[in-house]
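Secondary and tertiary structure notes
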Amino acid sequence: MADEPLVLGIETSCDETGVGIVRGTTLLADAIASSVDEHARFGGVVPEVASRAHLEAMVPTIGRALKEAGVTARDLDGIAVTAGPGLAGALLVGVSAAKAYAYALGKPLYGVNHLASHICVDQLEHGPLPEPTMALLVSGGHSSLLLAPDITSDVRPMGATIDDAAGEAFDKIARVLHLGFPGGPVIDRLAREGDPAAIAFPRGLTGPRDAPYDFSFSGLKTSVARWIEAKRAAGEEVPVRDVAASFQEAVVDVLTRKAVRACKDEGVDHLMIGGGVAANSRLRALAQERCERAGIRLRVPRPGLCTDNGAMVAALGAEMVARGRPASDWALSADSSLPVTEPHVPAPPHDHGHGHSHDHDHVHELAKDNLYS
């Protein structure tokens, strides 16, 4: 195990400051500082608030992760960071911190893709990913079906949401029901006491002529909101638990049906589910049921690894190092719309991953001596 790459990963794409440390496929530390409570009163994530919170949490969270892992910054073989997609300001804080640490330590820097990281994190729990892997990623910002023949260099989009992401729909319905933010956990909890067949909400993009792997939750969200409004206008009580269960069932029914279909169509016998909504208990149960029936092996990380975290970024970074992928350039910048087809952002070909010519100048040596002696 000692010769496997030791990588620190930084994740700041939204409202969690995540720092993880991984050796190969073994998780050594997963430190998180969340600013979710600061956003709750606004009913959603405020980018400026998130960026400021990352700035304040970064150094202490890195310190906590190193302590938890029982390693020093000098022991690291590389620093990985989410370069995108995500909120531009939030990403910039993480990328700037990663560059500073990598530069001061003289370690290679790896800018990686947030979505590919969500797939790679499963290695920390269930061992190396099968190749190819079919992944269903569902979160507040993304609902995607991806085929990954090689998580470090070849990720192919099969389908994606054409409007609202699944997690976004959960948050919006929770707001209509006055359940607070974030909406996913509370809807999941209430749905357990409700009847999923109580109300027949629509299943978007499931017609014979619709795109087989794309998702749409905007129509469902509108339908649920109108149903609730009609009840209130008639002076009737809204059956919150039944609404939560019926809405949740409509979402997870479509997600699992399309994911299993993609596996069958592509001849892939594994399905990996990741992203924040993968923590939803009904999604896990229905996916398990449908995968078993189809002879597909389901891989879902534990809920703590499904939400945004630094461990997933470190996992992908360690895989980059292990497979000899080129490091990123010091000019690495945050890309809020980094396509999933780019699992990482390598240095330009002429650069050979060494960054600019001042790699080992006087300032660099001073920084290393002052910060890490």
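Just so you know, these numbers come straight off a predicted model, no measurement behind them.

**Details of unusual backbone geometry**
- Here the bond from glycine 84 into proline 85 is cis, since omega is -10 degrees, no more than 30 degrees from zero.
- With respect to the element layout, proline 85 can be found in the loop between strand S4 (78-84) and helix H3 (88-105).
- With an omega of -5 degrees, the peptide bond running from phenylalanine 181 to proline 182 counts as cis.
- The backbone phi angle of leucine 205 is positive, close to 55 degrees, even though this residue is not glycine.
- If you trace the backbone, leucine 205 turns up in the loop between helix H7 (184-191) and helix H8 (218-233).

**What about the sheet that holds strand S9 (residues 270-274)?**
- Across the sheet, 5 strands lie side by side as S8-S7-S6-S9-S10; this open sheet has mixed pairing. Of all the strands in the sheet, just strand S8 (154-160) and strand S10 (297-299) have a single pairing partner and so form its edges. Taken pair by pair, the neighbouring strands of this sheet meet at an average axis angle of 25 degrees, ignoring direction.
- Pairing of strand S6 (residues 133-138) with strand S7 (residues 143-150), which is carried by 6 bridges, proceeds in the antiparallel orientation. Looking at the pairing, valine 138 lines up with serine 143 of S7.
- On top of the sheet, helix H10 (residues 281-294) reaches S6, S9 and S10; it is set at about 160 degrees to S10, its chief contact.

**Considering the packing of helix H6 (residues 166-176) against H8**
- Interaxial distance between H6 and H8 falls to 10 Å at its minimum, and their mutual angle equals 5 degrees. By the angle class used here, H6 and H8 are roughly parallel. Note on element contacts: H8 touches H6 through Lys221, Val224, Ala225, Ile228 and Arg232, opposite Lys172, Ile173 and Val176.
- Classifying every residue of the contact of H6 with H8 by side-chain character gives 5 nonpolar, no polar and 3 charged.

**Here's the deal with the packing of aromatic side chains**
- Counted by the stated rule, this structure contains 4 aromatic pairs.
- Ring centres of tyrosine 103 and tryptophan 330 lie 5.2 Å apart, and the angle between their planes is 90 degrees; on these two criteria the pair is classed as edge-to-face. Residue tyrosine 103 is located in helix H3, and its partner tryptophan 330 is located in the loop between helix H12 (310-322) and strand S11 (344-345); the two are separated by 227 residues in the primary sequence.
- Judged by relative accessible area, which is 13%, tryptophan 330 ranks as buried.
- Ring centres of phenylalanine 215 and phenylalanine 217 lie 6.2 Å apart, and the angle between their planes is 10 degrees; this geometry places the pair in the stacked category.
- One Lys or Arg, lysine 258, reaches over the ring of phenylalanine 215 and ends 6.0 Å from the middle of that ring.

**Quick notes on the confidence of the model for the chain**
- On average, residues of the chain carry a pLDDT of 92, and 93% of them reach 70 or more.
- Segment residues 352-373 is flagged for pLDDT under 50; beyond a separation of four residues in sequence, or across chains, it makes 34 contacts in the model.

Scoring rules and cut-offs
Residues numbered from 1 in each chain as written. Predicted model: local features only at pLDDT ≥ 70, side-chain atom pairs only at ≥ 80, totals over all residues. Heavy atoms only, no water. Helix = DSSP H or I, 4+ residues; strand = E, 2+ residues; numbered from the N terminus. Pairing = 2+ DSSP bridges. Axes fitted to C-alpha atoms, helices over the stretch in contact; angles between N-to-C directions. Contact = heavy atoms within 4.5 Å. Parallel < 35°, antiparallel > 145°, perpendicular 65-115°, else oblique. Nonpolar A, V, L, I, M, F, W, Y, C, P; charged D, E, K, R; others polar. Phe/Tyr/Trp six-rings, centres within 6.5 Å; stacked < 30°, edge-to-face > 60°. Buried < 20%, exposed > 50% of the residue type's maximum accessible area, 1.4 Å probe, protein only. Lys NZ or Arg CZ within 6 Å of the ring centre and 35° of its normal. pLDDT = per-residue confidence, 0-100.

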